[in-house]
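Residue-level structure breakdown
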Amino acid sequence: MTEITIELTDCPKEKPAADELGFGHYFTDHMFIMDYTEGKGWHDPRIVPYQKICLEPSSMVFHYGQTVFEGLKAYRTPDGEIQLFRPDANFRRLNHSNERMVIPPIDEEFALEALKKLVDIDRDWVPDAPGTSLYIRPFIIATEPFLGVHPSKNYLFMIIMSPSGSYYKEGINPVKILVEEKYVRAVVGGTGEAKTGGNYASSLIGQLNAEKEGYAQTLWLDGIEKRYIEEVGSMNIFFKINGTVITPALTGSILPGITRDSMIKLLKSKNIPVEERRITIDEVIEAAENGTLEEVFGTGTAAVISPVGELKYLDKRIVVNDGKIGEVSQMLYDTLTGIQYGKIEDPFGWTVRI
Ligand SMILES: *Cc1c(COP(=O)(O)O)cnc(C)c1O
């Protein structure tokens with residue numbers, strides 16, 4: 001792969017105040033971009049000022065959704081350094097998504113080098129207020145100007161970055177979740193395992209219905225029997241029942257979360273029993289009714305852990321742990337964020353300093 005060319009901005013933007021950040025509103029001064037052309041491969045990697053891109057209206061991504069994305073963060077450590085969390089896992093997953101969506105693979109090591117360079121150039125954009133971070137969004141879109149249905153001959157791979165505020169400004173508040181009974185998100189053999197835009201497009205209707213009923217998110221059941229639990233919105237899900245932590249196994253329709261994988265490894269290292277297996281919504285309701293459902297929480301890069309305080313399924317409403325965060329959820333949150341922000345030692349080798 002050729003050298004990355006770098007063009008720095010002449011007019012750096014003003015950085016928003018930490019309490020105005022929110023999520024996904026502001027973008028840093030620079031971005032990474034690289035082209036793919038059939039017969040030539042990936043070429044012209046460059047870091048340029050954050051700017052608009054010019055695409056033909058016939059670009060295939062607009063019509064048939066051939067696209068993949070990733071999400072990870074850079075964190076400011078107490079000594080002012082910057083570190084990434086398991087970025088290699090994100091680029092590996094990007095290539096798995098690429099395979100499913102027949103997008104040509106990227107060189108994972110090269111992508112990581114490019115990302116490190118980009119974060120280094122925009123390092124002043126990594127906020128340092130408690131709980132804040134720099135959210136990083138790598139993505140690939142099909143750009144061939146053509147309306148026939150076939151894999152695109154051209155692509156763009158880009159990385160943009162957005163300073164993000166503290167997810168839990170007012171402390172960790174458990175969320176209320178509605179179990180979706182009509183729509184499904186994915187089926188085995190479909191694209192549920194790939195991080196691709198279409199999965200989100202098809203889930204919006206469930207999200208909207210949940211919000212209408214006063215719930216924050218949707219819990220998706222399997223696409224065939226609508227019995228087995230899959231995941232929540234953009235998070236994987238865990239249940240603590242009678243001392244054992246259970247999360248749905250990766251059966252082919254669930255997004256393999258990096259936070260999920262990290263939680264399983266943390267639980268094992270603390271000798272807390274953890275199982276990856278199929279689990280039905282009936283098992284969860286039954287556990288709630290016989291008093292053995294102790295904790296429920298979602299996991300994902302944005303929130304790390306999102307405790308679930310209430311679940312609604314059909315006409316049943318179940319309240320979990322009195323609507324408060326559980327002991328294991330709190331421990332996992334403290335440990336993982338401690339490692340991510342470089343406040344506690346990282347025995348797993350997950351963090352990458354820049
Ligand atoms: C990204 C994502 C997750 C969480 O993955 P992390 O790697 O933990 O951030 C879970 N579910 C879906 C559908 C996702 O897109």
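With an unreviewed UniProt entry as reference, the protein chain is termed Branched-chain-amino-acid aminotransferase, source organism Ureibacillus terrenus. Listed under Sequence similarities (unreviewed entry) in UniProt, the entry text for the protein chain is "Belongs to the class-IV pyridoxal-phosphate-dependent aminotransferase family." Among the UniProt annotations of the protein chain, the heading Cofactor (unreviewed entry) holds the following wording: "pyridoxal 5'-phosphate".

Moving on: the site of the ligand. In the vicinity of the ligand, 15 residues are found, and the nearest of them are Lys195, Tyr200, Glu231, Thr259 and Thr301. Between the ligand and Tyr200, the relevant distance is 2.4 Å, taken from an oxygen atom to a side-chain nitrogen or oxygen of the residue. Taking Ile258, its main chain carries an N or O atom lying 2.8 Å from an oxygen atom of the ligand. Taken together, the residues that form the shell around the ligand break down as four nonpolar, seven polar and four charged.

This paragraph deals with the domain arrangement of the protein chain. Segmentation of the protein chain into domains returns domain 1 (13-165) and domain 2 (175-340). The distance between the C-alpha centroids of domain 1 and domain 2 comes to 27 Å. With 19 residues of domain 1 at the contact, the number on the domain 2 side is 20 residues. Counting the surface domain 1 buries against domain 2, the share from its top three residues, Phe69, Phe85 and Arg93, is 37%. Residues Arg86 and Asp261 are paired through a salt bridge, measuring 2.9 Å at the closest nitrogen-oxygen approach. Linking domain 1 to domain 2 there are 13 residue pairs in polar contact (both at pLDDT 80 or more). Mapped by element, the contributors of at least two residues to the side of domain 1 that touches domain 2 are strand S4 (67-69), strand S5 (72-76), strand S6 (82-85) and helix H2 (87-100). Broken down by element, the side of domain 1 that touches domain 2 gets its largest block of residues, five residues, from H2. The residue inventory of the side of domain 1 that touches domain 2, partitioned by class, reads eight nonpolar, six polar and five charged.

The rules behind these values
Residues numbered from 1 in each chain as written. Predicted model: local features only at pLDDT ≥ 70, side-chain atom pairs only at ≥ 80, totals over all residues. Heavy atoms only, no water. UniProt positions renumbered as here; feature names shortened; annotations may be inferred. Near = heavy atom within 4 Å. Polar contact = N/O pair within 3.5 Å; in protein donor to acceptor, adjacent residues only side chain to side chain. Nonpolar A, V, L, I, M, F, W, Y, C, P; charged D, E, K, R; others polar. Domains from an automatic or database assignment. Contact = heavy atoms within 4.5 Å. Buried area = accessible area lost by both parts, 1.4 Å probe. Salt bridge = Lys/Arg side-chain N within 4 Å of Asp/Glu carboxyl O. Helix = DSSP H or I, 4+ residues; strand = E, 2+ residues; numbered from the N terminus.

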